[in-house]
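Understanding the architecture of this molecule
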Amino acid sequence: MLGMKNPEVALLVVVLLGHAGLQPHLCAAGETRRLTDFLQRSDSVKTSSGQVFMSQVGSGGRLKERFRVNNQPGSESGPLKTKHVSQGRLPVQVRAGDVQGLHLSLSGAGQVRAMWLNPVPFTAPSDFQPRCVYTVLPSGDKTEERSRTRGVCTDRRGGASLHLHRRELRHGTLNEAVMTYAPGSVPLTIHYQCGDRNYVMSQQYNVTVQPTTMQKTQELQNKRKVNSLRKSSSETFSKASPGLTYAGGEREGKVALIADMGIEEDSFTIKSLLHQADRGELDLVLHAGDLSYADNFGTTFGSGDGNNSWVWVQYMTSLHDVTARVPYMTCPGNHEAQFDFAAYRNWLHMPGNESGSSSPYYYSFDYLGVHFVGISTEHDMRGNSSQHRWLEQDLRTADQNRARTPWILVFGHRPLYCSSAIFWSTRCTTEAREFRSDLEELFRRYHVDVYVCGHNHQYERSWPVSGGNVTAKNYRNPAATVHIVSGAAGNPEGNDPTYVPEFLVPWRAGYSLSLQTGWTLMEVNSTALAFSYIHSADLARMVDSFTITKTQ
């Protein structure tokens, strides 16, 4: 059941820093949104870019107690340290400390959204001043002061109470702020610190934001021609390794594709992603549904009532070191459906409004020369649904924009093609056929290159396939969509190593028989998408790999 306090929250004013001549940087802010709206179905949710979701989640009194103890002299973690952060021309005293679950997402052109949990129970709006202090600098440029853009970005996502169940109140305040930059043809690095001026601030992080489109210089074009001749007979790049260039020549971007993780067996995958990020070889994380698995903990620890906000806190905090440095983009899965997706909508804010969907569940964005489309297989996708109508318009526009974004990748939770023996008679036959009837004609008409999903806790990939028919048993200029199931990131239910015989699934091109957790690395440039399936515990060991190439 939902209950809430409903204080009035004023619009927060953006305080700008920087040298004379810099363009103002504005943060999205607006009126608060009633939490009762979260109970509405997706088709009836009407939001705008000026609305701010408000919630309060946490882990019972534990977060409050932890905050209290950490501020006591002589406590194990010691008192919170103080430091000065500039606000306008005046120094402001803040305490570096215990911000939790900090994560970034892309939010429209030239915008990065930061969200985090302030582990302090909400009292009154005047007590909270959430903000991100940030500097934008061309990547690798540490000397040209005139190229910097500075700002203080403030916005509020806290200030109300979310009772996930009437028997227990969760404490803490979720906040969000949008950091802006001028997008262009070169990577930019944002150095930032987020938190609350009156409570705790995060440590300093940096995130490198990449151009949205491909840059095609004559030098790169010539390099592609040479590489194309050298690699034209290769259907896979089994000798390559994550972090190296591949067919096409230039290094444009690296994306982690994950699904089905949770908080029980996630540590190896998180460690592997962090290893990739530490090497500067990760630009984006896509999570195709089933994030925290909070609904699996309804009777854990004696609660017996499904009040599982602490699971979300633990999950988002476990990802903190990755998602504070790399944008984290998601779509919902069946395990997010608890309380009508309320926790998902509170914790994650994807660019639905910015991409014209007016839904928190499906959206699109351009990045690294790829048009990424996140859909919700948990909501209506039939031909007369709002999601289907939006998807058709979005894909049509993207297909007309191939000169700037040559690839289209759709990700959703449930598969259109899969071959799990355990789920063969349900998910991979009846259910998959239904999704194909909803989506495959759009994929064919607008030439979707790749569909990525999870739901089955395993890894497999298809040949280019449409209507159950394989168009070619290679990945050169494919005439149909390639399907990837990458759902073995660490779910609490165990990975599935079972597959039906090949004669039942002639479209299947590769799979992993392992019980180990794993994730898929996608490397992208304007002429190639290279995929590597990696066992998480082995960090960089590839189990399977293949490359999709296009002749330009």
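Source: prediction; values computed, not measured. (Residues numbered from 1 in each chain as written. Predicted model: local features only at pLDDT ≥ 70, side-chain atom pairs only at ≥ 80, totals over all residues. Heavy atoms only, no water.)

**Regarding the packing of aromatic side chains**
Note the following rule: In this analysis, rings of Phe, Tyr and Trp, with Trp reduced to its six-membered ring, are considered paired at centre separations within 6.5 Å, and the interplanar angle assigns stacked below 30 degrees, edge-to-face beyond 60, and tilted for intermediate values. The buried label applies to any residue whose accessible area, calculated with a 1.4 Å probe on protein chains only, is under 20% of its type's maximum; exposed applies above 50%, and partly exposed to all values in between.
The tally for this structure, following the rule as stated, stands at 15 aromatic pairs. Measuring from centroid to centroid gives 6.2 Å for Tyr363 and Phe365, while their planes differ by 15°, and the two rings are stacked. Of the residues examined, Tyr363 reaches a relative accessible area of 0% and is grouped as buried. When the ring of Phe443 is compared with that of Tyr451, the centres are 5.8 Å apart and the planes differ by 45°; the resulting orientation is tilted. For the pair Phe443 and Tyr451, one class covers both residues: buried. Members of the aromatic cluster, each reached through a chain of ring pairs, are Tyr363, Phe365, Phe372 and Phe411.

**What to know about the environment of Tyr446**
The criterion, for reference: Helix and strand definitions here come from DSSP, where helices need a minimum of 4 consecutive H or I residues and strands a minimum of 2 consecutive E residues; each element is numbered from the N-terminal end.
With respect to the secondary-structure elements, Tyr446 resides in the loop between α8 (427–445) and β16 (450–453). Along the primary structure Tyr446 and Gln400 are separated by 46 residues, whereas in three dimensions their C-alpha atoms are 8.8 Å apart.

**Some words on the nonpolar core**
Here is the rule: To qualify as a nonpolar core, a set must consist of buried Ala, Val, Leu, Ile, Met, Phe, Trp, Tyr and Cys residues joined through side-chain atoms within 4.5 Å. Here, residues are in contact when the closest pair of their heavy atoms is within 4.5 Å.
Grouped together as the largest cluster of nonpolar side chains are 117 residues, with contacts concentrated most on Ile190, Tyr192, Leu286 and Phe372. Per element, the largest residue contribution to this core is 6 residues, and it comes from helix α4 (residues 309–318). Once you skip the residues sitting within four places of it in the chain, Phe372 turns out to touch Val255, Leu284, Leu286, Tyr363, Ser364, Phe365, Tyr367, Leu409, Phe411 and Met522.

**Observations regarding the pattern of salt bridges**
Rule in force here: We define a salt bridge as a side-chain nitrogen of Lys or Arg found within 4 Å of a carboxyl oxygen belonging to Asp or Glu.
Under the definition given, this model contains 17 salt bridges. Note that Arg402 is salt-bridged to Asp399, the shortest N-O span being 3.0 Å. Exposure remark for Arg402: the relative accessible area of 18% places this residue in the buried category. A residue is classified by how much of its surface remains accessible, and Asp399, at 21% relative accessible area, is partly exposed.

**As for the sheet that holds strand β13 (residues 363–367)**
Formally: At least two DSSP bridges between two strands are required for those strands to pair. Each axis is a line fitted through C-alpha atoms, taken for helices only over the stretch in contact, and angles between the N-to-C directions span 0 to 180 degrees.
With mixed pairing, the 7 strands of this open sheet are ordered in space as β13-β14-β15-β16-β20-β17-β21. The outermost strands of the open sheet, each flanked by one partner alone, are β13 and β21 (508–511). Ignoring which end each strand starts from, the neighbouring axes of this sheet average 15° apart. In the sheet, strand β17 (residues 459–462) pairs with β21 via 3 bridges, with the strands oriented antiparallel. Within β21, the residue paired with Glu460 across the bridge is Tyr511. Its contacts with the sheet place helix α7 (residues 386–399) against β13, β14 (370–374) and β15 (407–411), and it is angled at close to 175° to β14.

**A few points about the state of the cysteines**
Just so we agree on the cut-off: Criterion for a disulfide: a pair of cysteine sulfur atoms within 2.5 Å.
The final tally for this structure, using the stated rule, is 2 disulfides. Two residues share a disulfide in this structure: Cys132 and Cys194, whose sulfurs sit 1.9 Å from each other. Since a negative S-S torsion denotes a left-handed disulfide, the Cys132-Cys194 link at about 105° is right-handed. Pair noted here: Cys132 is in strand β5 (residues 130–138) and Cys194 is in strand β8 (residues 188–196), with a separation of 62 residues, a long-range link. One exposure class covers both Cys132 and Cys194, and it is buried.

**Brief notes about unusual backbone geometry**
The phi torsion at His447 lies on the positive side, around 55°, for a residue other than glycine. By relative accessible area, which is 47% here, His447 ends up partly exposed. Here the phi dihedral of Asn477 falls at roughly 45°; this positive angle occurs in a residue that is not glycine. Assignment of secondary structure puts Asn477 in the loop between β19 (469–470) and β20 (482–486). Given the relative accessible area of 41%, Asn477 is considered partly exposed.

**Overview of the confidence of the model for the protein**
For clarity, the cut-off: Along the chain, pLDDT gives the predictor's confidence residue by residue, from 0 to 100.
Here the protein shows a mean pLDDT of 75. Residues at 70 or above account for 68%. The low-confidence segment residues 142–149, where pLDDT is below 50, has 18 contacts with residues more than four positions distant or belonging to other chains.

**A closer look at the side chain of Thr330**
Selection rule: Whenever two N or O atoms come within 3.5 Å, that pair is a polar contact, provided that in protein one can donate a hydrogen and the other can accept it, and provided that, for residues adjacent in sequence, both atoms are side-chain atoms.
Mapping Thr330 onto the fold places it in strand β12 (residues 328–331). For Thr330, the side chain forms a polar contact with the side chain of Tyr344, separated by 3.0 Å. Contact partners of Thr330, with chain neighbours within four places excluded, come to His287, Leu291, Tyr344, Leu348, Met350, Tyr363 and Phe411.

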